[in-house]
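Chain by chain, the residues:
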Amino acid sequence: MLDIIIPLLILFAIILIPQIPKIGGEVRLALLLAALAAAIMGGLTPVEIGVALIDGVDQLAWVIMLSITGSIYAETQVKLGAMQTTMLSLRSIFGKSSLGLVAAVLIALTFAGSLLGDAIAASAVIGFLVIRSLADLNIKPEQIGMIILVGASLGSLMPPITQGVILSTSLIDIDPTPVIVTSIFTVTGGLLFAILDASRFVRGKRLPEHLLPNQSFFTIIKERWKTLVPLIVLAFIVVLDTGFDVNIFTVWEPMGQWVAYLETLPILNGIVFPIVLAIMIGAIVSFFYASVRKETGTVFKRGLKNISKTVQIQLAAGFMVGIFSATGVIDRVSELMEGLQATALKLGGTVSMLLVGMLTGSQTTAQTITVPFLAPALENLNVDPMNIALGAAHISAGGQNLPPVGLTAFVVAGLIGGILSKKVDPVKVMLLAVPASLYLTSVGVIAWLI
């Protein structure tokens, strides 16, 4: 039993006690040290540790490759102006009333969160475009923060990149396509809920004249359609794969053989995941534009810098998952969980994931720590693996914004404070976002109870 308790104590202690000198709160070190403790207590040889590292990282290869390619692709879209085109287009459709402007902002943030694969990046990119407009509506800074926080967080679950879903399906080792398709509907529901929730901020407020859109949707598209071509290519490939089960990368036989070969290689098989390939094609198309091509160095530098810490966490998580699997820790913890009653297991797992997400401000950490242990136990209760993955992605997304340590909320508060020269309370931002967090949590719990 000690070989289970000690690694988990190390893991949670380092993550949840920031007062520990030098290493407190450092997720990467927590994952690595917990894995090493389990390896030592499990008597693994250096060779076995190396094999476990490869196996664990291989399990998360899709997520890692998705993060890297998605971040580089996102930088190409910023340089190209696709984000601005999206925001202008949405404002031309919805932005003729105060609530319409808020709806346009939330939709744009969800879209950006999906495209960028990261809530913080989406908050920054779209935040710069909308903060002053929302402030001109006399919306309080914390309320602006809530709108940006919720929209960007929903985007991390929305296809095509849908990083939270890809992570949960990778940890469970199932085909992500059905979960991705389902998440389109659950996130759309969350978006509608967020719009209704945010309507209280603009009730009775008229849209100032200078905020009315001065161009029609068709005029904007006519002038800026070229900026959307890479996105259209990406969306076309993804829709063919998820909607019609057509993988264009295997239709041409030589390409299909290359894909089949890479699928046999550990870790590198993440490159040929259909969404990853689609993103790569979208990025390649973007480099046909001079505005992107002349910034090639900056695109790669910023793209890799933005995702560096996330990928390091994913690599450390892969190491921990591999070691825990090799030493049998995951199986033994899952067996202990099976002794709980079904309802207690599901609710306990939900609370555990919410707490880790809340205290770390990260859905990645929440899933990495809990899903490997919880998923096998839920499967033994005959919960569909697709529902397990769907529930884990939504519950962890709900937990990451709960007060008091939602990392994205602190970034958003700082961004708004800098632009408006006002003090913004990040905890109040998180409190305003609680209804949206409860919606996501409810979706996850329902998925586990079905």
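It should be noted that the structure appears before, not after, this text.
As a convention, each chain's residues are numbered from 1 in the sequence order in which they are written. Given that this is a predicted model, residues contribute local features only at a pLDDT of at least 70 and side-chain atom pairs are listed and counted only at 80 or more, while totals for whole chains, interfaces and linings are drawn from all residues. To obtain the side-chain values, all non-hydrogen atoms of the structure were included, while hydrogens and water were left out.

K.L.:
Would you take a moment to explain the packing of aromatic side chains for this structure?
P.N.:
Any aromatic ring pair is given by two values, namely how distant the centres are and how the planes are angled relative to each other. Side-chain rings of Phe, Tyr and Trp (the six-membered ring for Trp) are treated as a pair once their centres are within 6.5 Å; stacked means planes under 30 degrees apart, edge-to-face means over 60, and tilted covers the remaining angles. In the structure shown here, the tally under the stated rule is five aromatic pairs. Pairing Trp-62 with Phe-273 gives two aromatic rings, centres 4.5 Å apart and planes at 15°, and the pair type is stacked. Separated by 211 residues along the polypeptide, Trp-62 in helix 4 (residues 61-80) and Phe-273 in the loop between helix 14 (253-263) and helix 15 (274-286) bring together distant segments of the chain. Burial status follows relative accessibility: with a 1.4 Å probe on protein chains alone, a residue under 20% of its type maximum counts as buried, one over 50% as exposed, and anything between as partly exposed. The exposure class of Phe-273 is buried, given its relative accessible area of 7%. Where helices and strands are cited, they refer to DSSP runs of H or I of at least four residues and of E of at least two residues respectively, numbered from the N terminus.

K.L.:
Looking at this structure, how should I read the side chain of Thr-364?
P.N.:
With respect to the helices and strands, the residue Thr-364 is situated in helix 20 (residues 363-380). Since its relative accessible area comes to 18%, Thr-364 is described here as buried.

K.L.:
Any chance you could explain helix 21 (residues 385-399) here in plain terms?
P.N.:
Every helix has an expected span of 1.5 Å times one less than the residues it contains. In this model helix 21 runs 21 Å from its N-terminal to its C-terminal C-alpha over 15 residues, within 8% of the 21 Å that 1.5 Å per residue would give. Buried residues dominate helix 21, accounting for 13 of its 15 residues. Under this definition, polar contacts are N or O atom pairs within 3.5 Å; protein pairs additionally need one hydrogen-donor-capable and one acceptor-capable atom, and for neighbouring residues in sequence, both atoms have to be side-chain atoms. If you check the start of helix 21, you find a side-chain oxygen 2.8 Å away from the backbone N of Met-386, and it comes from Asp-384.

K.L.:
For this particular structure, what's the right way to read the packing of helix 5 (residues 82-94) against helix 11 (residues 217-224)?
P.N.:
How two helices sit against one another is set out by the angle between their axes and by the gap between those axes. Interhelical geometry of helix 5 versus helix 11 gives an angle of 165° and a closest axis separation of 8 Å. Comparing their axes, helix 11 and helix 5 come out roughly antiparallel. Judged by the twist between their axes, the crossing of helix 5 over helix 11 is left-handed. Two secondary-structure elements touch here, helix 5 through Gln-84, Thr-85, Leu-88, Ser-89, Ser-92 and Ile-93 and helix 11 through Phe-217, Ile-220, Ile-221 and Arg-224. A class-by-class count of the residues in the contact of helix 5 with helix 11 yields five nonpolar, four polar and one charged. For helices, the fitted axis covers only the stretch in contact; all axes are lines through C-alpha atoms, and the angles between them, taken along N-to-C directions, range from 0 to 180 degrees. Throughout, the term roughly parallel applies to angles under 35 degrees, roughly antiparallel to angles over 145, roughly perpendicular to angles from 65 to 115, and oblique to all others. When the near helix sits turned anticlockwise from the far one by under a right angle, the crossing is termed left-handed; a clockwise turn instead gives a right-handed crossing. Here a residue-residue contact requires only that any non-hydrogen atoms of the pair lie within 4.5 Å. Residue classes follow a fixed rule: Ala, Val, Leu, Ile, Met, Phe, Trp, Tyr, Cys and Pro count as nonpolar, while Asp, Glu, Lys and Arg count as charged, and any other residue, Gly among them, counts as polar.

K.L.:
I keep staring at the nonpolar core and nothing clicks. Help me out?
P.N.:
Burial of nonpolar side chains together is a common tendency in soluble globular proteins. Buried residues of nine kinds, namely Ala, Val, Leu, Ile, Met, Phe, Trp, Tyr and Cys, make up a nonpolar core once their side-chain atoms join them within 4.5 Å. Grouped together as the largest cluster of nonpolar side chains are 138 residues, with contacts concentrated most on Leu-11, Ile-323 and Phe-324. Apart from the residues within four sequence positions on either side, Leu-11 is in contact with Ala-30, Leu-31, Ala-34, Met-320 and Ile-369. Counting six residues, the second-largest nonpolar core is a separate cluster that includes Ile-72, Leu-80, Tyr-289 and Val-292.

K.L.:
Quick question: what am I supposed to make of the environment of Ser-133 here?
P.N.:
Mapping Ser-133 onto the fold places it in helix 7 (residues 119-136). The class of Ser-133 is buried, set by a relative accessible area of 13%. Along the chain, Ser-133 and Ile-419 lie 286 residues apart, while their C-alpha atoms are 11 Å from each other.

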